[in-house]
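# Results of the structural survey
Spelled out from the first residue to the last, the chains are:
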Amino acid sequence: MAYPANYRYTREHEWIEASGNAGTVGITDHAQDSLGDIVFVELPKVGAKVEKGKVFGSVESVKAVSDLFAPASGTVTAVNEELTTAPEKINADAHAAWIMKIELSDPSEVAGLLSASDYEAYVKEETGH
Amino acid sequence: MHRRLGAKMVDFGGWDMPVEYSGLIAEHLAVRTGVGLFDVSHMGDIQLRGPGSLQAVQHISMNDASRLQTGQAQYSALLYPQATFVDDVIVHKFSDNDYLLVINAGTREKDYNWVRSQAARFDCHVNDYSDYYTQLAIQGPRAEQTLQKLTNADLSNVKFYWFTWGTVCGLPNTLIARTGYTAEDGFEIYVPSDVATSERVWSEVLEAGREFDILPCGLGARNTLRLEGALSLYGHEISDSINVFEAGLDRFCKLEKGRFLGSDALQAVIAAGGPERKLVGLEMIERGIARDGYRVLDLAGQPIGSVTSGSPAPFLKKNIALAYVPRAHAEVGSEVAVEIRNAPVKARVVPLPFYKKPKKQAASS
């Protein structure tokens, strides 16, 4: 699976695309594949503060709930409302179906996250394939 | 074999089981509109044989087995003296002196020990046949057409909750029952459990169902299908701390047949005015998914019960749940709330079952 090289990744299977102070966040293809059909997304509110490593929302498949963990700290500037009625977009293309956009309070947090190749290696180790 | 088909596996009560193959929703919809195939070999099979077998069954099982004809089956439950559940069961009458109980996987050993000890005073033998059989379930409106290709038995003559014997995939004397756990038409077949035979039958069923877009189905779809049909799951809607009337299974409990294990306690519940709590069906009115174990609240925010099983319903396209609530909140139309991640989300009590399979059309296409 090709993980976009310009994204950064967390061990909780979120991705973040950062440019300057702006960050866009979603979950990885591996995450959507593990979850199965996604039927519900709980989005944060615009204006809410998110903290790196803390829960900011959740995604649900038919059989399970999964918390979403913020890859970096900041303030939510936009959420992808489409996901309230069409959560399956995440299954269709997890790296394009963004969940929230944030204004980063500390852009240096992003540099410390996994690169695409490190994340790919991490997934291989975790899953055995 | 399941892994070769790409199954995601999970540990289910000590058994290594496939949760889903191609995807839960696709598998669920295949059963509702076409045909799906389940490996349900984890289920248990207990045989009671002998002149006292009917008496034994009548003692331990709450439904009235004396109403069964040879070739007929009935849903029932084994009760403790307190009228709570040992397990639910399907009772099959092979002959006046021969009955088969099909029971759940997770409770197999407990059930077998229970049946053996409770049947000991009757003139019958109790045998655990679970390991002899691989049980496959073929479920959906196209199940009959699929299985008919593989058997000489005339399936159109087997009514719902009846069974017959026939040659299936070349295996003689195979038990074919028109039963299931999906709230859809379908069959369960019992074939010898050696790996080579089981795998061959599995493959032949998939081949026979190919023209109907058959899918192998896992535990995930099995759960959402039975939930839409409001079928109980042991450890959720029924357990050793829940009684028959609370669970709403009155119609399978025939007190008029005479005393049996649990009947005295049930008479006491009736004398006390009925059960304090009842199992109800909930449909979410506000946005959210109620899940197993979530608290149910009244509209003032007070906890009044909990969800026994809850999930999105892939065919009905609603979020549904079964829950225990006090009698006062059990009326259809009552509004309650389900606590989802610390916030109350409104739900309404709806009639059960959520889904009923369509009546058979006179000419099947």
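Please read all numbers here as calculations on a predicted model, not as lab measurements.

Thresholds, definitions, all that
Residues numbered from 1 in each chain as written. Chains lettered and ligands numbered in written order. Predicted model: local features only at pLDDT ≥ 70, side-chain atom pairs only at ≥ 80, totals over all residues. Helix = DSSP H or I, 4+ residues; strand = E, 2+ residues; numbered from the N terminus. Buried ≥ 20, exposed ≤ 12 C-beta atoms within 10 Å, placed from the backbone. Contact = placed C-beta atoms within 7 Å. Pairing = 2+ DSSP bridges. Domains from an automatic or database assignment. Nonpolar A, V, L, I, M, F, W, Y, C, P; charged D, E, K, R; others polar. Axes fitted to C-alpha atoms, helices over the stretch in contact; angles between N-to-C directions. Parallel < 35°, antiparallel > 145°, perpendicular 65-115°, else oblique. Left-handed = near helix turned anticlockwise from the far one by under 90°.

## A short note on the environment of B:F187
Residues and elements named next belong to chain B. Mapped onto the fold, F187 is located in strand β12 (residues 186-192). Residue classification places F187 among the buried positions, given that 25 C-beta atoms sit within 10 Å. Sequence separation between F187 and R348 is 161 residues, and the spatial gap between their C-alpha atoms is 34 Å. Dropping the residues within four chain positions of it, F187 is found in contact with I138, A143, L147, I176, A177 and R178.

## What to know about the pairing of strand β6 (residues 55-61) of chain A
Residue and element names in this part refer to chain A. Buried residues dominate β6, accounting for five of its seven residues. As judged from the four bridges shared by strand β4 (residues 38-42) and β6, these two strands associate in the antiparallel manner. Across the sheet, I38 pairs through a bridge with S61, a residue of β6.

## Brief notes about the domain arrangement of chain B
Interface size, as often reported, equals the accessible area lost upon joining of the parts. Residues and elements named next belong to chain B. For chain B, the assigned domains are domain 1 (1-274) and domain 2 (276-350). For domain 1 versus domain 2, the separation of C-alpha centres amounts to 28 Å. In this assembly, 14 residues from domain 1 lie in contact with 15 residues from domain 2. Those elements giving two or more residues to the side of domain 1 that touches domain 2 turn out to be α1 (24-33) and α6 (219-228). If you tally residues by element for the side of domain 1 that touches domain 2, the top one is α1, at four residues. Residue composition of the side of domain 1 that touches domain 2, by class: six nonpolar, four polar and four charged.

## Side note on the interface of chain A and chain B
Taken residue by residue, the interface counts eight residues in chain A and 11 residues in chain B. Taken together, the residues that form the side of chain A that touches chain B break down as four nonpolar, one polar and three charged.

## Focus on α1(B)
Residues and elements named next belong to chain B. Along α1, seven of the 10 residues are buried, which leaves the element largely enclosed by surrounding structure. Every buried residue of α1 is listed here: L24, I25, E27, H28, A30, V31 and R32. Looking at the buried residues of α1, the elements they touch are β2 (15-20), β3 (36-39), β9 (133-139), β13 (215-217) and α6.

## With respect to the sheet that holds β3(B)
Residues and elements named next belong to chain B. The strand order β10-β11-β12-β9-β3-β13 describes an open sheet built from six strands, whose pairing is mixed. Unpaired on one side and paired on the other, β10 (163-168) and β13 mark the two borders of the sheet. Averaged over all neighbouring strand pairs, the angle between strand axes comes to 30°, with direction disregarded. Inspection of the sheet shows β3 paired to β9 by four bridges, in the antiparallel sense. For L37, the partnering residue across the bridge sits in β9 and is I138.

## Structural notes on the packing of α1(B) against α6(B)
Residues and elements named next belong to chain B. Relative to each other, α1 and α6 sit at 55°, their axes nearing to 8 Å. Viewed along their axes, α1 and α6 adopt a mutual orientation that is oblique. Considering how the two elements wind past one another, α1 and α6 form a crossing that is right-handed. Residue-level contacts link L24, E27, H28 and V31 of α1 to G220, A221, T224 and L225 of α6.

## Digging into the pairing of strand β2 (residues 14-19) of chain A
Residues and elements named next belong to chain A. By the bridge criterion, two bridges tie strand β1 (residues 8-9) to β2 in an arrangement that is antiparallel. Bridge pairing in β2 places Y9 opposite W15. Where β2 lies against strand β3 (residues 22-27), six bridges are found, and the strand directions are antiparallel. Across the sheet, the residue bridging to E14 is I27, located in β3. The turn linking β2 back onto β3 is made up of two residues, and G20 within it adopts a positive phi angle of 65°.

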